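Structural overview
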Amino acid sequence: MRLRPDCLVCLFNQALRVTKVLKCDEGCAKEVLDRSALEIANFDFSLTPPEAAAILYPKISQLLHKEDLYKEVKIESTQKAKALLTFAKEQIRNSSDPLDAALRASVVGNVIDFATQYAFDLEEEIKKRFHIPFAIDHKRIFLQKLKKASSLVVLGDNAGEHLFDKIMIEIFKEHFGNLKIYYFVRGRPIINDVTIDEALKAGLDTVCEVVDSGVDTPGFCMERASDEAKEIFKNVDLILSKGMGNFECLDNVQDLRLFFLFKIKCDVVANRVGKSVGDLVCIQGNAI
């Protein structure tokens, strides 16, 4: 998905949000916003939003002398997510379809995002969205393919959300013990996306193989991936792509192995898939 005019406004607002999260004084904030405006003004509309973010955020990091801008926020998000894991596990345990419920747990965790147009409350979201219909629902197709698959890639998204992904992976392993699962993380800190550090601290390596994808974008950009990640992606039986950033990078990939699982958080993506902000979707890769 390529940049739209709305994306430029969103990126500028993200820069402003960084200054607020880090409690920058007025002088520092103006410097960040001035530099961001100059960068954004030069963005080509051939870029995807994650590619543009990968240009903007390092510039902000340099100005603020902080490589991982959202380090503290990621820790806070993870702690908030931990407090809701018991509820999520109970919902899965009490469900007549634990595989479907595991997918739901994973997607409601997708609310944790500091790069979106709208703000959401994690606790409220997870408690109200476990039972609502998906606006686009290809979960049945995904689960049918999962039953026949020997390998699965999960493209991780945000820190905090990765704890719900771990629950989902554990349920998959319970039902399909021989399933080989790879969990892809970002190659370096970018916004609040999950990296190898957060994944290992959460113990994801105890339930699957954690793969540093090598990408420096807040979405899986194939051209920037490591050779290892490219090889796994190419040969795996099934791919579950979490979050809007991964969707923005891969939405034009016509691949029956690929499924997108996320909550719609901005108008541009809502228009792209023909649904509304706030909707939950599970979309097979050839369906849009």
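Residues numbered from 1 in each chain as written. Predicted model: local features only at pLDDT ≥ 70, side-chain atom pairs only at ≥ 80, totals over all residues. Heavy atoms only, no water.

1. Some remarks on the pairing of strand β4 (residues 209-212)
Here is the key point about a regular strand: its side chains alternate between the two faces of the sheet. In this structure, strand β3 (residues 180-185) lies alongside β4, joined through four bridges in parallel fashion. Within β4, the residue paired with Tyr182 across the bridge is Glu209. (Pairing = 2+ DSSP bridges. Helix = DSSP H or I, 4+ residues; strand = E, 2+ residues; numbered from the N terminus.)

2. A word on the pairing of strand β7 (residues 280-284)
Burial within β7 is extensive, with five of its five residues counted as buried. Both faces of β7 are covered, namely the face carrying Leu280, Cys282 and Gln284 and the face carrying Val281 and Ile283. Where strand β1 (residues 136-137) meets β7, two bridges bridge the pair, whose relative direction is parallel. Its bridge partner being in β7, Ile136 is matched across the sheet by Val281. (Buried < 20%, exposed > 50% of the residue type's maximum accessible area, 1.4 Å probe, protein only.)

3. Section: the confidence of the model for the protein chain
Do not read the fine detail of predicted coordinates wherever pLDDT is low. Looking at the protein chain as a whole, the pLDDT averages 93, with 95% of positions reaching at least 70. Every residue in residues 115-119 scores below 50 in pLDDT, and together they form 13 contacts with partners more than four places removed in sequence or on other chains. (pLDDT = per-residue confidence, 0-100. Contact = heavy atoms within 4.5 Å.)

4. Overview of the packing of helix α1 (residues 5-21) against helix α2 (residues 26-41)
Close contact between α1 and α2 brings their axes to 9 Å; oriented N to C, the two are set at 160 degrees. Here α1 is positioned roughly antiparallel relative to α2, judged by the angle of their axes. Crossing geometry of α1 relative to α2 is assigned as right-handed. For the pair α1 and α2, contact is made by Leu8, Leu11, Phe12, Ala15, Leu16 and Thr19 and by Ala29, Val32, Leu33, Ser36, Ala37 and Ile40, respectively. Considered class by class, the residues forming the contact of α1 with α2 number 10 nonpolar, two polar and no charged. (Axes fitted to C-alpha atoms, helices over the stretch in contact; angles between N-to-C directions. Parallel < 35°, antiparallel > 145°, perpendicular 65-115°, else oblique. Left-handed = near helix turned anticlockwise from the far one by under 90°. Nonpolar A, V, L, I, M, F, W, Y, C, P; charged D, E, K, R; others polar.)

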